[in-house]
Amino acid sequence: AVLIIGYSLRSIDTSIEHLRETTLYFCMAIFLLGLVISFLLTSVISRNITVVDEAVQLIASGKEEIRVSVSSNDEIGKLARAFNNMLDKIELSRKELVAYSLRLKKHNDELNQFSYVVSHDLKAPLRAIFKLSEWIEEDMGDALPPTPKKNLQTLKGRISRMEALINGLLEYSK
């Protein structure tokens, strides 16, 4: 005895075909979702990098008051905050340098004024000493022994050197 059982595979084939379609649509949806997410992430990262780049270009062109406005907590945000801190320190250093330069200019002006006053105050006694040595030479005439005469000439030479130094100081103070 033979038993023949007839069963139609058409319903199984239909179920498999429906499952294939569902799987295909699901895979396409996952793929499209991945594309959208990667586009959004790329857009956010690119936007932050572009903001940093634009700030760098503006600063390079001379606009030092610019700050980077990236508020994310990722690496680009950390870079932007570090960049802003660096710019703040540079600005503070620049202000300190300007203040130091102003103080230095004031001190230089005071030093120049002091040099001018001192050089004028030193010239008067030198002229008096020079004149006194000339009077001694005139009064003594030929009666002046050679050693004192030589000493007076040395004195006049040193007075001339000192006057040249004072004139140099006076010229420097102008």
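For the structure, check the block above.
Residues numbered from 1 in each chain as written. Predicted model: local features only at pLDDT ≥ 70, side-chain atom pairs only at ≥ 80, totals over all residues. Heavy atoms only, no water.

Draft legend 1. Up close: the overall build of the protein. Check the secondary structure of the protein and you find three helices and zero strands. Along its sequence from the N terminus, the protein presents helices and strands in the succession α-α-α. Here the C-alpha atoms of the protein give a radius of gyration of 48 Å, more than 25% beyond the 16 Å that 2.2 N^0.38 yields for 174 residues. Of all 174 residues assigned to the protein, the portion counted as buried reaches 15%. Summarising the internal contacts of the protein: among those between residues at least 6 apart in sequence, 51% fall at separations of at least 24. Accessible area for the protein stands at about 14200 Å²; split by element, carbon and sulfur atoms hold 65% of it. (Helix = DSSP H or I, 4+ residues; strand = E, 2+ residues; numbered from the N terminus. Rg over C-alpha atoms; globule rule 2.2 N^0.38 Å. Buried < 20%, exposed > 50% of the residue type's maximum accessible area, 1.4 Å probe, protein only. Contact = heavy atoms within 4.5 Å. Areas by Shrake-Rupley, 256 points an atom, 1.4 Å probe, with all protein chains shown as cover.)

Draft legend 2. Seen up close, the pattern of salt bridges. Tallied over the entire structure, the rule returns seven salt bridges. The partner of D109 in a salt bridge is K105, and the shortest N-O contact between them spans 3.2 Å. Of this pair, D109 and K105 both sit in helix α2 (residues 75–140), four residues apart, which is roughly one turn of that helix. K105 gets classed as partly exposed once you look at its relative accessible area, which sits at 49%. As a salt-bridge pair, E137 and K156 come within 2.5 Å of each other at their nearest N and O atoms. A residue pair is termed long-range when its members are at least 10 positions apart, and E137 in helix α2 and K156 in helix α3 (residues 146–173) qualify at 19 residues. For E137, a relative accessible area of 18% corresponds to the buried category. (Salt bridge = Lys/Arg side-chain N within 4 Å of Asp/Glu carboxyl O.)

Draft legend 3. How the structure looks around the nonpolar core. If you look at the biggest cluster of nonpolar residues, it comprises nine residues: V52, A55, I59, V68, V70, I76, A80, F83 and L87. Of all the secondary structure elements, the ones that give two or more residues to this core are α1 (10–60) and α2. Of all the elements, α2 adds the most residues to this core, at four residues. What I59 contacts, discounting residues up to four positions off in sequence, is I66, F83 and L87. (Core = buried A, V, L, I, M, F, W, Y, C linked by side-chain atoms within 4.5 Å.)

Draft legend 4. Seen up close, the packing of aromatic side chains. Counted under the stated rule, the structure contains zero aromatic pairs. When the ring centre of F130 is taken as origin, the NZ or CZ atom of K156, which lies over that ring, is 5.7 Å away. (Phe/Tyr/Trp six-rings, centres within 6.5 Å; stacked < 30°, edge-to-face > 60°. Lys NZ or Arg CZ within 6 Å of the ring centre and 35° of its normal.)

Draft legend 5. Region of interest: the environment of E137. A sequence separation of 63 residues divides E137 from D74, and the C-alpha atoms of the two residues are 92 Å apart. Apart from the residues lying within four places of it in its own chain, the contact partners of E137 are L144, L152, Q153 and K156. Looking at E137, its side chain comes within polar contact range of the side chain of Q153, at 2.6 Å. (Polar contact = N/O pair within 3.5 Å; in protein donor to acceptor, adjacent residues only side chain to side chain.)

Draft legend 6. Summary view of α2. In a regular helix each residue adds 1.5 Å, so 66 residues correspond to 98 Å; α2 covers 94 Å between its end C-alpha atoms and thus fits that length. Within the span of α2, buried status applies to I76, G77, A80, F83, N84, L87, S115, S119, K123, L126, S133 and E137. (Expected span 1.5 Å × (residues − 1).)

Draft legend 7. Structural context of α1. Relative to the 75 Å expected for 51 residues at 1.5 Å per residue, α1 spans 74 Å between its end C-alpha atoms, a close match to the ideal helical length. On its buried face, α1 sits against α2. Of the residues trailing α1, G62 is marked for its positive phi of about 110°.

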